[in-house]
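Coordinates in review
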Amino acid sequence: AQGALAGLIGAVCLLLASGLLGGAVGLISSPTGPTLALLSGALALLAAGGVGEANLPTALIAITAGAGLLQMLIAVSGGSRLIKFIPYPVVAGFSTGAALLMIQSQLKPLTGAGADPIWADWRWLPALVALATFLLVRYAPRRLPRVPGAIIGLLGGTLLFQLLIPFGPGPAPAVWVVGALPSMLNFQLSLEPAGWQALPWPLVLNSALALAVLASLNTLLTSVIADAHSG
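Let us look at the structure shown here. (Residues numbered from 1 in each chain as written. Predicted model: local features only at pLDDT ≥ 70, side-chain atom pairs only at ≥ 80, totals over all residues. Heavy atoms only, no water.)

**Examining the overall build of the chain**
Within the chain one finds nine helices and zero strands. For the chain, the α and β elements follow one another from N to C terminus as α-α-α-α-α-α-α-α-α. For the chain, the C-alpha atoms occupy an extent of roughly 55 × 50 × 35 Å along the three principal directions. For the chain, the share of sequence-separated contacts (at least 6 apart) that also reach a separation of at least 24 residues comes to 75%. Put simply, the chain shows about 15,600 Å² of open surface, and 70% of that area lies on carbon and sulfur atoms. When the 8 basic and 5 acidic side-chain charges of the chain are each reduced to a single mean position, those positions are 24 Å apart. (Helix = DSSP H or I, 4+ residues; strand = E, 2+ residues; numbered from the N terminus. Contact = heavy atoms within 4.5 Å. Areas by Shrake-Rupley, 256 points an atom, 1.4 Å probe, with all protein chains shown as cover. Lys, Arg positive; Asp, Glu negative; His and termini not counted. Charge placed at Lys NZ, Arg CZ, Asp CG, Glu CD.)

**Regarding the packing of aromatic side chains**
Summed over the entire model, instances satisfying the criterion amount to one aromatic pair. The residue whose ring lies beneath R138 is Y139, and the NZ or CZ to ring-centre distance is 5.3 Å. (Phe/Tyr/Trp six-rings, centres within 6.5 Å; stacked < 30°, edge-to-face > 60°. Lys NZ or Arg CZ within 6 Å of the ring centre and 35° of its normal.)

**Thoughts on the packing of helix α2 (residues 33-48) against helix α9 (residues 201-230)**
Where α2 meets α9, the axes come as close as 10 Å, and the angle between the chain directions of the two elements is 175 degrees. Taken together, the axis directions place α2 and α9 in an arrangement best described as roughly antiparallel. Facing P34, T35, L38, L39, A42, L45 and L46 of α2, the residues of α9 in contact are L203, V204, S207, A210, L211 and L214. In terms of residue class, the contact of α2 with α9 is built from 11 nonpolar, two polar and no charged. (Axes fitted to C-alpha atoms, helices over the stretch in contact; angles between N-to-C directions. Parallel < 35°, antiparallel > 145°, perpendicular 65-115°, else oblique. Nonpolar A, V, L, I, M, F, W, Y, C, P; charged D, E, K, R; others polar.)

So this is what it looks like as structure tokens:
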């Protein structure tokens, strides 16, 4: 539940920043699959490099803040103009690779591979909800063109999941329930000043640079698509 609260706060801050600073019409700011894959890999390298669990949030903040500063440098230097030199096959490959990473990340929660034995009795529910959500996203906008398919799928899939839970073989796996969100008064930013000096800064800076390039490229590609559709 604390992770869910942190995600909600991060999404609100992200949307406020992108909304106030402007941008391409129709561009949606949100976390992306490639960014998640890169940050997960960076955290794994940091942990393998001896960064303790208590300092991992500090290292993550350093990476994301550094990436933001580097993105500002890319913007003010006119680096965004380089997007027109990227060939279409590269764009298609990048988007396809991101899609494959996201599909791969969902295979385990969809099939229950390697999960607790209790998951085996519930294996039908994730597959059924996923199928229903896909169908809603794909076909519901034909009847409700004013509502985005992703919103319909999210609400419809959630409702179906809640309706089917009572018909299961027993208590649902605990990991399926986020739980009650904690109070905002209990929210604390994990900043340990003493841990900054202990961070492996070459690895942090390399990760920040990779994240800045990846996030900028992803944003520019989607901006091009948004411009093409909006005129």
